[in-house]
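Residue-level structure breakdown
These are the residues of each chain, in order.
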Amino acid sequence: MINLQRPSTACQLHRPSLTDTGNQAVHAEKYYVMKSYTYDELQPCQQRHQQTGAPLPPRPATAYAGQQSELQPAKQQQQTVKALPTRPATAYAGQRDARLGRSLLSNDNWRQATMVDIRLNAKAIEQSDRNILYGKGIDPVPHTRELLSELSNAEALFYARQCRLVVSKLRLCWNDVNEEIKSLAKVKEYTDAAIDHMRKDLVINKDSHTMRKKPKRESEPDGVDDILSAEKYHLLKIKRVLEINCRNVINQMQKLDEIRHRVAKINKERSTVTELICQCLTSASRTFEAVRTEKLSNMYHRRSPSAQTYRSRRQKANLLNSAESNLLDENGFPLVGHLQPFTPDVIQIFDEAAKSIDESGEIKKQTMNQIKDAFNDAKAYSLTVNQSIAQKLADIITLAQHLTVSLGDNMLAQNRAQRWHDITMSAQRTNAGPQSSSNLKTCERFDRPIIQTFQRHPGNQLSEVQMAMKTTTDLQQSANETEKQLKTLKVVGQRLQANLTDKETALEVDCQLLRQRRGRSNHKWAATKYIHA
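All figures in this text were calculated on a predicted structure; none of them were measured in a lab.

About the criteria used
- Residues numbered from 1 in each chain as written.
- Predicted model: local features only at pLDDT ≥ 70, side-chain atom pairs only at ≥ 80, totals over all residues.
- Heavy atoms only, no water.
- Helix = DSSP H or I, 4+ residues; strand = E, 2+ residues; numbered from the N terminus.
- Contact = heavy atoms within 4.5 Å.
- Areas by Shrake-Rupley, 256 points an atom, 1.4 Å probe, with all protein chains shown as cover.
- Phe/Tyr/Trp six-rings, centres within 6.5 Å; stacked < 30°, edge-to-face > 60°.
- Lys NZ or Arg CZ within 6 Å of the ring centre and 35° of its normal.
- Axes fitted to C-alpha atoms, helices over the stretch in contact; angles between N-to-C directions.
- Parallel < 35°, antiparallel > 145°, perpendicular 65-115°, else oblique.
- Left-handed = near helix turned anticlockwise from the far one by under 90°.
- Nonpolar A, V, L, I, M, F, W, Y, C, P; charged D, E, K, R; others polar.
- Salt bridge = Lys/Arg side-chain N within 4 Å of Asp/Glu carboxyl O.
- Buried < 20%, exposed > 50% of the residue type's maximum accessible area, 1.4 Å probe, protein only.
- Core = buried A, V, L, I, M, F, W, Y, C linked by side-chain atoms within 4.5 Å.
- pLDDT = per-residue confidence, 0-100.

Quick notes on the overall build of the chain
When helices and strands are counted, the chain shows 13 helices and zero strands. Listed N to C, the secondary structure of the chain is α-α-α-α-α-α-α-α-α-α-α-α-α in terms of helices and strands. Taking the intrachain contacts of the chain between residues at least 6 apart in sequence as the baseline, contacts between residues at least 24 apart amount to 84%. Element-wise, carbon and sulfur atoms account for 54% of the exposed surface of the chain, whose accessible area totals about 35900 Å².

Here is the structure:
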């Protein structure tokens, strides 16, 4: 069995197969146009190869030969062509040679030239017949155009199915990115609400400072003012942290929106070849995931072949022969190429989307934790301020009660002093006697008869007059001292009354402040003006 080569024709050209891949097309052997002017060397070449037994050089493959080799089984491709017999000489040719050789009247040169033309004609006829015979065996079939059309349609459909899978993955990616943007929008709303609560707490803090306008005696800074200042400092700090988180959320949303636009653009570009096929994207995605799972299981040897049933083996074979399986390599990773359905842009946008979604998850987690901490801290600061105000109210009430008791004691002391002053003045007036001597009774006079009778003997002198005058003076001094003490008690009483009035005013202010803070702690009110800090 030897391989015969068809003689070269006037013009011969080899074109690559339509189904050759890009790498095969790049590394394929270059074929050139060949032109032959004579067939004189064909017969010696064939005789030399028949004597040595070496095969003739193969004929370059044609377009149909490449397609036919793909359609035929492997065994049929390995079959060789048997040597075809040469065309036998006819009886007419022998008679013609004998007749020409017996000619005695013709010129040898003239006859030789004619014989050369006849031999060339016979060789050309034989070569033509052999060419026809070889053509019947290896030339393309008449329905090559239809066959090539079917192969092209199959290849186009195959590529469209692969692109449909990419489109389904891109749509799933777009949905994931869109849902992540919605989730970030919710987080942004929560952050805005938390910032609004912090602003309202700052408004409450400022109103608390403004409302604590007390009398001068109570206007000195106290612990409540310090706690209110500390609350303002912490609320401003929390507000800045929440604003930074809100800015980060907005930047992440803008980044995801840009990725979403890029995914939509790539999806539109990839879906341009899927208009004429079924748009059942769910089935394509499921098949792709099944093929990927199968290849991954084969790579890690997770499934024992002996445990598989005949049906599972058939399903496995169908999966591995599907259009989706050609998108994955043997390890279950997608094949990436500029001319593949999975282009580098598709893989890059998938990676960026996955990375951005992971970053969004971290940002959401961090933001929600900080919002929770902000609410807890703001609530703790508000409770601390309220407790300090309540403690201040308790102190004011205690002092006011002591002032009330002291003021009562002061009033009692004033009454006692006033009564003592009245008694002293009555005694003083009694001891002083009447203002006119004509109003004196006989018994009240210092020269009454009994005294005159007593003073008739020398040395009988009495100090009644001096003692009476001293008593009157002492009583007057006591009354004056009592009056001074009474004035002092009145002044102290007035101070106590003023202090008690201021305490009542401060108590009313702090009570109103505490009531207002507790009423506005639910943040269910509209702020007319925010604090800019």
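What follows continues from the structure just given.
Considerations on the packing of aromatic side chains
Going through the model one piece at a time under the given rule, you end up with zero aromatic pairs. Across the ring face of Trp525, the terminal group of Lys200 is positioned such that the distance to the ring centre comes to 5.4 Å.

Structural notes on the side chain of Lys239
The topology assignment puts Lys239 in helix α8 (residues 223-270). Not counting the four nearest positions on each side in its chain, Lys239 is found in contact with Met198, Arg199 and Leu202.

Let's talk about the packing of α8 against helix α11 (residues 344-432)
In contact at an axis separation of 9 Å, α8 and α11 are set at 165 degrees when each is read in the N-to-C sense. One finds that α8 runs roughly antiparallel with respect to α11. Considering only the axes of α8 and α11, their crossing is left-handed. A class-by-class count of the residues in the contact of α8 with α11 yields 22 nonpolar, eleven polar and nine charged.

Comments concerning the pattern of salt bridges
Under the definition given, this model contains 18 salt bridges. Of the charged contacts in the structure, one is a salt bridge between Asp510 and Arg212, with a shortest N-O distance of 3.3 Å. With Asp510 in helix α13 (residues 464-519) and Arg212 in the loop between α7 (144-211) and α8, the pair connects residues that are 298 residues apart, well separated along the chain. We classify Asp510 as buried; its relative accessible area is 1%. Given a relative accessible area of 11%, Arg212 falls into the buried group. Between Asp502 and Arg217 there is a salt bridge whose closest N-O contact spans 2.1 Å. You can see Asp502 sitting in helix α13 and its partner Arg217 sitting in the loop between α7 and α8, a full 285 residues away along the chain.

Description of the nonpolar core
Of all hydrophobic cores here, the largest spans 19 residues; its most connected members are Leu170, Val177, Val346, Ile349 and Phe350. Sort the elements by how many residues they give to this core and α7 lands first, with seven residues. The contacts of Ile349, once residues within four sequence positions are left out, are Leu170, Ile259, Arg262, Val263 and Ile266.

A look at the confidence of the model for the chain
Mean pLDDT for the chain: 75, with 65% of residues reaching 70 or above. Averaged over each element, pLDDT in the chain is lowest for helix α4 (residues 74-77) (38) and highest for α8 (94). Across residues 54-92, confidence stays below pLDDT 50; counting only partners more than four residues off in sequence or on other chains, it has 55 contacts. Segment residues 302-311 is flagged for pLDDT under 50; beyond a separation of four residues in sequence, or across chains, it makes nine contacts in the model.

Let's talk about the environment of Ala374
Mapped onto the fold, Ala374 is located in helix α11. Each C-alpha atom, one on Ala374 and one on Met198, is 8.5 Å from the other, the two residues being 176 residues apart in sequence. Ala374 has contacts with Met198, Ile238 and Leu242, leaving out every residue within four places of it along the chain.

A few points about the side chain of Thr343
Following the sequence through the fold, Thr343 ends up in the loop between α10 (310-320) and α11. Given the relative accessible area of 10%, Thr343 is considered buried. Those residues in contact with Thr343 that sit more than four places away from it in its chain are Arg270, Val336, Gly337 and His338.

A few points about unusual backbone geometry
Excluding glycine, residues mostly have negative phi values, and the peptide bonds linking residues are mostly trans. Unlike most non-glycine residues, His523 shows phi in positive territory, near 60 degrees. Residue placement: His523 occurs in the segment after α13. Judged by its relative accessible area of 15%, His523 is buried.

Quick notes on the environment of Lys239
A residue is classified by how much of its surface remains accessible, and Lys239, at 8% relative accessible area, is buried. Distance in space between the C-alpha atoms of Lys239 and Arg199 is 7.6 Å, their sequence separation being 40 residues.

What to know about the packing of α7 against α11
Following both chains from N to C, one finds α7 and α11 inclined at 20 degrees, their axes separated by 10 Å at the closest point. The angle between the axes of α7 and α11 places the two elements in the roughly parallel class. As for the relative orientation of α7 and α11, their crossing is left-handed in sense. When grouped by side-chain class, the residues that make up the contact of α7 with α11 number 19 nonpolar, six polar and five charged.

Examining the environment of Glu231
With respect to the helices, strands and loops of the structure, Glu231 is situated in helix α8. Note on Glu231: relative accessible area 4%, which makes it buried. Along the chain, Glu231 and Ala378 lie 147 residues apart, while their C-alpha atoms are 8.2 Å from each other. With residues near it in sequence (within four places) discarded, Glu231 still touches Asn205, Tyr381, Ser382, Val385 and Arg517.

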